[in-house]
Structure formats: structure tokens, C-alpha cells
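Observations on the model geometry
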Amino acid sequence: MIHAPRGIKDRIPPEEDRFLALLSVAEEHLQKAGFKKVGLPIFELSALFTRSIGLETDIVEKEMYLFEDKGGERFALRPEGTASLLRLAIQHHLIEPARITRLSYQGPMFRHERPQAGRLRQFHQIGAEILGAITPQDNIDLLVVIDSISQKLNLPGTTLFINNMGCARCRPVFREALVEYLEAHQSGLCVTCQKRTATNPLRVLDCKVPDCQPIIEKAPSIIDFLCETSRIHHETVCSGLRNLSIPFTVNPRLVRGLDYYTETTFEFVSDALGSQSTWAAGGQYDGLIGQLEGPDVPGAGFAIGMERLSLLAEKAGTLPLPPDYSQDISIIPLGDLAVPLAQSLLRDLRSAGLSATGIFGATKIKQGFKQAERDGSRFLLIIGEDEIAKKELVVKDLLTSEQIPFPLFPLTSLIDHIRSVRDLKKVSPIS
RNA sequence: GUGAGUGUAGCUCAAGGGCAGAGCACUGGUCUGUGGCUCCAGGGGUUGGGGGUUCGAAACCCCUCACUCACCCCA
């Protein structure tokens, strides 16, 4: 048997409906904050990601799904949405340097990692980006949007971590100081950290190897190196959050795993998720748009991991309800004459706004009843020779066992009857 | 990429070298074109796959695949 590829989660009923319902909760919050949706391609030229995410990151180094097409061009399944969205925004001239543009996306992302709780090879993100003349307040607004989703779903055990990674002026100064410090303590660091001292020193701050911890703890802190502008940026974000009563923790060692971040970065972490605890993250990126040959303006954005959000909402018992698939009526045709009549009835009932299923394969009446129950039908219509001869439809109410005859033409009285019963059910859903 | 644990019927799980089982689900009968409940019966399995040890393997050994969790990394 051919099975799904590793790290892929099939969503079978009613999972997919719950998933889509949760997705639209998130989409509503983004829409209310003015983010317009864009449709991003599933794959891009691989150069887009190597240039934006950074060559020394794990995502680019070992997690991308790469392939060549028949023309020999090199592509990658998108491992994240920001690069792709910026490419789209630049290509279609959606960025106006003096103004701001708000865009959002949603869809599957792909990374070749070992699957784990909350980590899949195909996973779903919803994200939003603010591009152009952005301010610290726009960073706050991003956090407000995520926080509102968190509030709405009553997500358990969530902490917001904030950091400021500095800007083009102060980050290099910090980087230099950090490298100097790390080089002085090389012998105490793990092999990866020794390598990263040269390639990507900020990532050392993220290391979890116990032996590295005492060294990392005493390492210079980015917050102390912030220039005047970045310091004000940072303080503005912090005081803004305090004004809004959004609790947060400043974590100077929060270094996002993508190289493009500057200034404010953040992570929403939950202790209810297990090892993969970050369910939303993002930050500002000053140089990225220019780096991708767009206007030299900053942007800021975030992404939410839908599977992780779903796990949390499930724990909180706040997963939105899937739609009701129960049918208003099922039709069992008996005999060849009844089949075409059943088919046209189905069409007429559906166009009248009712839900209706045909049960065509039943060789015995009892099978038909069982199928109608499985379909959740309130009414059942059995059409045989008698009914056709008398031009009469006998409708059975499966709840009350009551049987009521209706004329075949016109159908209006039957439709009205079903509607009245259905609307009654909607008014008082106790059954 | 590394490590640990787990793979038995559609689902949840028993059997720990000697006949592969239960509950739920499914099918049929009880009940001829009128269901749900009851009772009765039935179909279903190369025990993830391959190899080995053994008179005999679901069980023990090796390889492999998958799942789960952790490392790592990230949403």
C-alpha cells in the first residue's frame, strides 16, 4: 500500500472542517486589522530563499525541498512565507515607500525535518506582513493581532518573549563584541557554537547545550548595545505593550533562526505544547526588501503555526465547531423507474435550499434506512411503483416515525414542511 | 542528521516460543416496501515488510519501513 509521505498529516473528516474553521478564525482577525490576502505559489526559485533566509541557517542548509524542473531551473518548496510574499509585493509594485502596505497569506510550508509533536514536514502557516513606512507602533499592532487570537481561543500557558536585535548601525558593533567574547571562551563551547562563532555568532545565544550556558549567560547582551534609535524603538514597543496590558518578557537571547530580522523580534510560546513550544513568531526586517531588489524600506511580520494553534485550541476546548453535515432528507428509489425521478427530486430539493442525498445502491430497504441514519437525515422518502402511479410522495420523519403524504407536483408543500421542521430545530437545538 | 519507545482485524487493545483473540464497527438473520433496541449468526489477519534462530516465531536475533516522543531546529 502506498502511504502518505513522512511528516504529512492527512486531515480526515471532521478534522479538515475543524481545521478550516480555526483557520477562518485567524483570517478574520487579520482581516479586521486590515491585512489583504495574497495567494503565494507553493514553490519558488530556490535563490529567493537562499538570499533572504540566509545561507547559514538550518532551513536553507538542510531543510529545503529542492528540485530542478525539465528546463534545469532550481526550485524549492517554500519553507516559509515571508520571502515569497516580499517577492510578490516587489514584483507587483505593491510597496509604496512613504505609506504602509498590509498583506497576509496562508498555506502549507515544507521543511525536511524529523517529525515530532507539533512539527511536520508539511505544515500550515498563516502570516501577515506590514511593508513600507513602518513604525514601532506597527510592531505593537502585530502583537495585538496575535494576542487577540490568543485571547479569543483562550490559549493555555502562553508567554510572549520580546527582543530587539538592533539595526544596521548598532548590530555590527554588538556582533563584534560578541565574537570577541566568544573567541575568548572557545574552549568552553560546544563544536557547533565554535563553528557558529565565525559563521553566525548570534545563533550561539540560542544554544541549549548545558556546557555552553554559563558562557552564554555572561555574554554581552544586545540590549546594552542598542543605539539611540533602536533603544527608543525597543522602549516604545515595551511601553506600548504595558499600556495595552499585554504581558511580555524581554529575552535578550531570543535570536530568531532567520538571518533577516532586525529591531523587534518576538515569539509566542506555550508550555502546553511540549518540545515545539513556539506557536507564533516574527519581527522586523530592515534590509530584506532592499536585498530582494525592492525599495529600501523596512517591513515587519509574523507567522502562526496552524497545527500548533490547533493543538492549543483543542486543549483549551475552544476549537470552533465544524459545520453540520446532517441532511434534511434522503431518497431511496426502488426500481428502475424511480431512479430518474429521485435524481430530479434531489436537484429540485437542493435548489430549494435543502440538503438531500440519494441512496441508490441499497438492495434492501433496511440498508437504506441505515444509510439515511448515517447521513443524519431527518426525513426519508421511499419512491416505488405505488408512489409513481399515485403521483404521491410519502415522507417519513425518522425522528417521530410519522409518515405524511405530499403531492409529487408541485413540490412546494413538501419543501415547506421540511423547512418548518428544520427551522424549528434551529430555534431550539435541544434534542 | 542522532537517540529512545511502539507497530497484532476498519478502530481500541489482549495473547510474551505451542490452535491469533475480545470489545466496538461492518454484513446477514430474527423482521419480504419501513430503521434504531434485543437476541443469534457471519465475514474479515501473510501479527508493518524482509531475512535468520527453532521441530515450532506475533513473541527471540539482524536489516528495513512507519508511527510516537526527545535532541537539533523552528511555526
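Residues numbered from 1 in each chain as written. Chains lettered and ligands numbered in written order. Predicted model: local features only at pLDDT ≥ 70, side-chain atom pairs only at ≥ 80, totals over all residues. Heavy atoms only, no water.

1. Thoughts on the overall build of chain A
Counting secondary structure elements, chain A contains 16 helices and 16 strands. Its C-alpha atoms give chain A a radius of gyration of 29 Å, clearly above 22 Å, the size a compact globule of 431 residues would have. Over its C-alpha atoms, taken along the principal directions, chain A stretches across nearly 95 × 50 × 45 Å. A total of 431 residues make up chain A; the buried ones form 49% of that total. Relative to all contacts within chain A whose residues are 6 or more apart in sequence, the contacts with residues 24 or more apart total 69%. Working note: accessible area of chain A is about 21800 Å², and carbon and sulfur atoms make up 54% of it. Side-chain charges in chain A split into 48 positive and 53 negative, and the spacing between the mean points of these groups amounts to 3 Å. (Helix = DSSP H or I, 4+ residues; strand = E, 2+ residues; numbered from the N terminus. Rg over C-alpha atoms; globule rule 2.2 N^0.38 Å. Buried < 20%, exposed > 50% of the residue type's maximum accessible area, 1.4 Å probe, protein only. Contact = heavy atoms within 4.5 Å. Areas by Shrake-Rupley, 256 points an atom, 1.4 Å probe, with all protein chains shown as cover. Lys, Arg positive; Asp, Glu negative; His and termini not counted. Charge placed at Lys NZ, Arg CZ, Asp CG, Glu CD.)

2. Examining the pairing of strand β14 (residues 379-383)
With four of five residues buried, β14 is to be regarded as a mostly interior element. Where strand β12 (residues 329-333) lies against β14, five bridges are found, and the strand directions are parallel. Bridging across to β14, I329 finds its partner in F379. Relative to strand β15 (residues 392-397), β14 is paired through three bridges, and the arrangement is antiparallel. (Pairing = 2+ DSSP bridges.)

3. Topic: the domain arrangement of chain A
Here chain A is partitioned into domain 1 (15-169 + 227-316) and domain 2 (329-421). A C-alpha centroid distance of 51 Å is found between domain 1 and domain 2. (Domains from an automatic or database assignment.)

4. Section: the nonpolar core
Within soluble globular proteins, side chains that are nonpolar generally end up buried alongside one another. Ranked by size, the top nonpolar core spans 41 residues in total, and within it L160, L241, W279, F302 and L309 carry the most contacts. In this structure, I59, L258, Y261 and L288 belong to the second largest nonpolar core, which totals 31 residues. (Core = buried A, V, L, I, M, F, W, Y, C linked by side-chain atoms within 4.5 Å.)

5. Remarks on helix α6 (residues 170-184)
Helix length check: α6 (15 residues) gives 22 Å between terminal C-alpha atoms against 21 Å at 1.5 Å per residue, within 8%. Looking only at α6, the buried set comprises C170, R171, F174, L178, V179, Y181 and L182. One side of α6 carries all its buried residues, which in axial view fall inside an arc of 165 degrees. More than 90 degrees from the buried face of α6, the exposed residues found are E176, E180, E183 and A184. Looking at the buried side of α6, the elements it contacts are α7 (191-199), α8 (213-217), α9 (222-225), α10 (228-243) and β9 (262-270). (Expected span 1.5 Å × (residues − 1). Arc of directions from axis to C-beta.)

6. A look at the protein's contact with RNA strand B
Lining the immediate surroundings of RNA strand B are 48 residues, of which R114, R256, S275, T278 and Q367 lie closest. Taking the atoms of RNA strand B that fall within 4 Å of the protein, sugar and phosphate contribute 46% of them. Here a base nitrogen of RNA strand B and a side-chain polar atom of R119 are 2.7 Å apart. Residue K396 places a side-chain N or O atom 2.9 Å away from a base oxygen belonging to RNA strand B. Ranked by residue count, the leading element in the surface near RNA strand B is helix α14 (residues 365-374), at six residues. (Near = heavy atom within 4 Å. Polar contact = N/O pair within 3.5 Å; in protein donor to acceptor, adjacent residues only side chain to side chain.)

7. Considering the packing of aromatic side chains
Inspection of every chain in the model, using the stated rule, returns eight aromatic pairs. Directly above the aromatic system of F35 lies the positively charged group of R102, at a separation of 6.0 Å from the ring centroid. One cation-aromatic arrangement involves R378 over F379; the distance from NZ or CZ to the ring centre is 5.8 Å. (Phe/Tyr/Trp six-rings, centres within 6.5 Å; stacked < 30°, edge-to-face > 60°. Lys NZ or Arg CZ within 6 Å of the ring centre and 35° of its normal.)

8. A look at the pairing of strand β16 (residues 403-407)
Bridge count for β15 against β16 is five bridges, and the pairing is antiparallel. Within β16, the position partnered with L393 by the bridge is F406. Hairpin remark: β15 followed by β16, antiparallel, with five residues in the connecting loop; positive phi at S401, about 65 degrees.

9. Considerations on the environment of R74
Residue placement: R74 occurs in strand β4 (residues 74-77). Judged by its relative accessible area of 49%, R74 is partly exposed. For the pair R74 and E44, spaced 30 residues apart in the sequence, the C-alpha separation amounts to 8.7 Å. Filtering out sequence-adjacent residues up to four positions away, R74 remains in contact with E44, L45, S46, L66, F67 and E68.

10. Let's talk about the layout of surface pockets
In this model, the largest pocket occupies a volume close to 1400 Å³. Surrounding the largest pocket, 49 residues form its lining, R256, G257, E267, Q276 and T278 being those nearest its centre. No other element matches strand β11 (residues 299-305), which puts five residues into the lining of the largest pocket. By residue class, the composition of the lining of the largest pocket is 19 nonpolar, 14 polar and 16 charged. One number sums up the size of the second largest pocket: a volume of about 450 Å³. Around the second largest pocket, the lining comprises 20 residues; the ones closest to its centre are K9, R11, E15, E307 and S310. Elements with a contribution of two residues or more to the lining of the second largest pocket: α1 (15-32), β6 (122-132) and α12 (306-316). For the lining of the second largest pocket, the element with the most residues is α12, which contributes four residues. Partitioning the lining of the second largest pocket into residue classes produces eight nonpolar, five polar and seven charged. (1 Å grid on protein atoms, 1.4 Å probe; cavity = no way out; pocket = protein on both sides within 12 Å on 5 of 7 lines; lining within 4 Å. Points joined across faces, edges and corners; volume = space filled by probe spheres on them. Nonpolar A, V, L, I, M, F, W, Y, C, P; charged D, E, K, R; others polar.)

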